[in-house]
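A closer look at the structure
Okay, here's what each chain looks like letter by letter:
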Amino acid sequence: MEIKNGSCGCGSLKYQITGEPINSVFCYCSECQRLTGSDKWFGTWIPKDNFNIVEGTASTYSRKGNSGKNLNHIFCDDCGVSICAEVTAGNFYSVAVPTINDAHTIKPNMSIYTASAPSWAVFPDSIPKFDILPPGLGK
């Protein structure tokens, strides 16, 4: 079983992932743009049972997603870095790939909510691009 470790920017909030991800995506929705201060969020989708905070205490900011269910953003109180979002509609965490220790090994499988992307966003040619969520995901 594969195990990956990660942390926030200051290292006070640490987590562990076991097993394989469900998916890895670039999300260009306007909420992810605000969260990252960029054009997208790069998240790898991890089943809830395979993600554990192993050190530190996380804070949570909740908002409604397009499904009408909560997205719970989990972040460090000390440095403010968001390590993941709990996607309650899909029963998984979208873990911020840049917070994973060996992030360079993870590649996106698709781009979602590209209709919300800024005009200057660049999309990888090698992965599928969806204006919103592809059929069957997230609901």
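For every chain, the first residue of its written sequence is number 1, and the numbers climb from 1 along that sequence. This being a predicted model, a pLDDT of at least 70 is required before a residue's local features are given, and a value of 80 or more before pairs of side-chain atoms are given or counted; all residues contribute to the totals for chains, interfaces and linings. In computing side-chain properties, one takes all heavy atoms of the structure into account and sets aside hydrogens as well as water.

**Re the overall build of the protein**
Broken down by element type, the protein carries 1 helix and 10 strands. For the radius of gyration, the atoms used are the C-alpha atoms, and the globule rule reads 2.2 Å times the number of residues raised to 0.38. Since a compact globule built from 139 residues should have a radius of gyration of about 14 Å, the 14 Å found for the protein is in line with a globular shape. Projected onto its principal axes, the C-alpha positions of the protein cover 40 × 30 × 30 Å. Under the scheme applied here, a residue whose accessible area is under 20% of the maximum for its type counts as buried, over 50% as exposed, and between as partly exposed, the area being computed with a 1.4 Å probe on protein chains only. The buried share of the protein, taken over its 139 residues, is 45%. When contacts within the protein are restricted to residue pairs at least 6 apart in sequence, those whose partners lie at least 24 apart make up 53%. Here the accessible surface of atoms and residues is derived via Shrake-Rupley with a 1.4 Å probe, and residues count as covered only by protein chains that are part of the display. Here the protein displays about 7,400 Å² of accessible surface, and carbon together with sulfur accounts for 50% of that area. Neither His nor the chain ends contribute to the count of charged residues, in which Lys and Arg are positive and Asp and Glu negative. Where a charge lies is defined by one atom per residue type, namely NZ (Lys), CZ (Arg), CG (Asp) and CD (Glu). Positive and negative side-chain charges in the protein, numbering 11 and 12 respectively, have mean positions lying 6 Å apart. Only DSSP runs of H or I covering at least 4 residues are called helices, and only runs of E covering at least 2 are called strands; the numbering of each starts at the N terminus. Residue contacts are defined here by distance: any two heavy atoms, one from each residue, within 4.5 Å place the two residues in contact.

**Side note on the packing of aromatic side chains**
Between 30 and 60 degrees the pair is tilted, below 30 it is stacked and above 60 it is edge-to-face, where a pair is any two Phe, Tyr or Trp rings, Trp via its six-membered ring, whose centres lie within 6.5 Å. Tallying each qualifying case throughout the model produces 6 aromatic pairs. Ring geometry for Phe26 and Tyr28: centres 6.5 Å apart, planes at 85°, overall edge-to-face. You'll find Phe26 and Tyr28 in the same group, each marked buried. Where Phe26 meets Phe42, the ring centres are 4.9 Å apart and the plane angle is 70°; that geometry is what we call edge-to-face. Here Phe26 is found in strand S3 (residues 23-27), whereas its partner Phe42 is found in strand S4 (residues 41-47), with 16 residues between them in sequence. You'll find Phe26 and Phe42 in the same group, each marked buried. One aromatic cluster in this structure is built from Phe26, Tyr28, Phe42 and Phe123. Two thresholds decide whether a charge sits over a ring: the Lys NZ or Arg CZ must be within 6 Å of the ring centre and within 35 degrees of the ring normal. In this structure, Lys40 packs its charged tip against the face of Phe26, placed 5.1 Å from the ring centre. The aromatic ring of Phe123 is capped on one face by Lys129, whose charged end is 4.2 Å from the ring centroid.

**Digging into the environment of Glu2**
Within the secondary structure, Glu2 is located in the segment before strand S1 (3-7). Here the alpha-carbon distance between Glu2 and Ser111, two residues 109 residues apart in the chain, equals 25 Å. Ignoring any residue separated from it by four or fewer positions in sequence, one finds Glu2 in contact with Ile17, Thr18, Gly19 and Glu20. One polar contact links Glu2 to Lys4, side chain to side chain, over a distance of 3.0 Å. Definition of a polar contact: a pair of N or O atoms within 3.5 Å, with one able to donate and the other able to accept a hydrogen when the atoms are protein atoms, and with sequence-neighbouring residues admitted only if both atoms are side-chain atoms.

**A short note on the nonpolar core**
Among the buried residues, those of types Ala, Val, Leu, Ile, Met, Phe, Trp, Tyr and Cys that are joined through side-chain atoms within 4.5 Å form a nonpolar core. Counting residues in each nonpolar core, the largest one holds 22 residues, and the members touching the most others are Tyr15, Ile17, Phe51, Ile83, Cys84 and Val95. At the level of elements, strand S2 (14-18), S4, strand S7 (70-76), strand S8 (82-87) and strand S9 (92-96) are the ones that each hand at least two residues to this core. Not counting the four nearest positions on each side in its chain, Ile17 is found in contact with Glu2, Ile3, Lys4, Ile46, Asn50, Phe51, Val95 and Ile100. The next biggest cluster of nonpolar side chains, apart from the first, holds 15 residues, and it includes Ala85, Phe92, Ala96 and Leu133.

**With respect to the pairing of S4**
Burial analysis of S4 places 6 of its 7 residues in the buried class, which makes it a mostly covered element. For S3 and S4, the ladder comprises 5 bridges, and the chain directions are antiparallel. In the sheet register, Ser24 faces S4, and the bridge partner there is Thr44. One requirement defines pairing of two strands: DSSP has to find at least two bridges between them. Bridge analysis of S4 against S9 gives 5 bridges, and the strand direction is antiparallel. Across the sheet, Pro47 pairs through a bridge with Phe92, a residue of S9.

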